[in-house]
Structures are given as C-alpha cells and as structure tokens.
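If you want the building blocks of each chain, they are given just below.
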Amino acid sequence: HLDRNAKYPTKCQWIGCNSITIYPNAKSLTCHVEEMHTDNQDDNRCRWKNCTHKHSFKANYMLYQHILTHTAYKPYLCVSLNSMDQSNNHFLKNM
C-alpha cells in the first residue's frame, strides 16, 4: 500500500537555494529541484545539503534518479506488486 504519511524533506535543501517554500508533498519538492536546479546545470553534480555523493553523474537523468533519494518521491507505480519505487528498474526485473 502507499504510505501517504511518509516523512520527506519539506524544504529544498539544495545548497544556494533561496526558496522559503514549504512543499506539500515529495512530488512538488522534486519538481522544484528539477526545474530550478538540475535542468540548468552543466556538471550534473548533486548539491543537496550533506549529500555524500561527490562526483558528477554521467547524465542528467542519473542525477534526477539520485535526487529522488533525497526527496523520497517514488514516481513509479506497480499495480501487480502494489508498491511504488524511485526507479522502474525494480519493476522491469519482475516482468
């Protein structure tokens, strides 16, 4: 089942972000990070506060997948497993 009470950061923790918005859910926070921070970035580096991943990602989509670990957004729904995940890789393995 979907845990609608899961804890996630409600404020953007991207270093240098001046947003004071409190985001109502993980999806809106993820959209903010993608639109304001990762889409316009040349080096595909995570700048989330206290992130231990110090190297650049080879592609922007890899940075996006990594950002999901910070925002707790799980965009992929599997009806047969009745679960959500941050990556569709898990679901592809079960097909």
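Preceding this section is the structure that the text describes.
Predicted, not measured: the structure shown is a model, and the values here were computed from it.

Can you tell me about the packing of helix H1 (residues 26-38) against helix H2 (residues 60-71), naming the residues and giving the values?
For any two helices packed against each other, the geometry is given by the interaxial angle and the distance between the axes. For the pair H1 and H2, interaxial distance at closest approach is 10 Å and the crossing angle is 140 degrees. In terms of axis orientation, H1 runs oblique to H2. Between H1 and H2 the crossing geometry is right-handed. Across the interface between the two elements, Ala 26, Leu 29, Thr 30, Val 33, Glu 34 and Thr 38 of H1 pack against Asn 60, Leu 63, Tyr 64, Ile 67, Leu 68 and Thr 71 of H2. Looking at the contact of H1 with H2 residue by residue, the classes come out as seven nonpolar, four polar and one charged.

Summarise the pattern of salt bridges; cite the residues concerned and give the values.
Applying the stated criterion to the full structure yields two salt bridges. In this structure, Asp 43 engages Arg 45 in a salt bridge whose closest nitrogen and oxygen atoms are separated by 3.7 Å. Here Asp 43 falls in the partly exposed class, since its relative accessible area comes to 28%. The shortest N-O distance in the salt bridge between Asp 43 and Arg 47 comes to 2.8 Å. Ionic contacts of the salt-bridge type, sharing partners, join the residues Asp 43, Arg 45 and Arg 47 into one network.

Reading the values: rules and limits
Residues numbered from 1 in each chain as written. Predicted model: local features only at pLDDT ≥ 70, side-chain atom pairs only at ≥ 80, totals over all residues. Heavy atoms only, no water. Axes fitted to C-alpha atoms, helices over the stretch in contact; angles between N-to-C directions. Helix = DSSP H or I, 4+ residues; strand = E, 2+ residues; numbered from the N terminus. Parallel < 35°, antiparallel > 145°, perpendicular 65-115°, else oblique. Left-handed = near helix turned anticlockwise from the far one by under 90°. Contact = heavy atoms within 4.5 Å. Nonpolar A, V, L, I, M, F, W, Y, C, P; charged D, E, K, R; others polar. Salt bridge = Lys/Arg side-chain N within 4 Å of Asp/Glu carboxyl O. Buried < 20%, exposed > 50% of the residue type's maximum accessible area, 1.4 Å probe, protein only.

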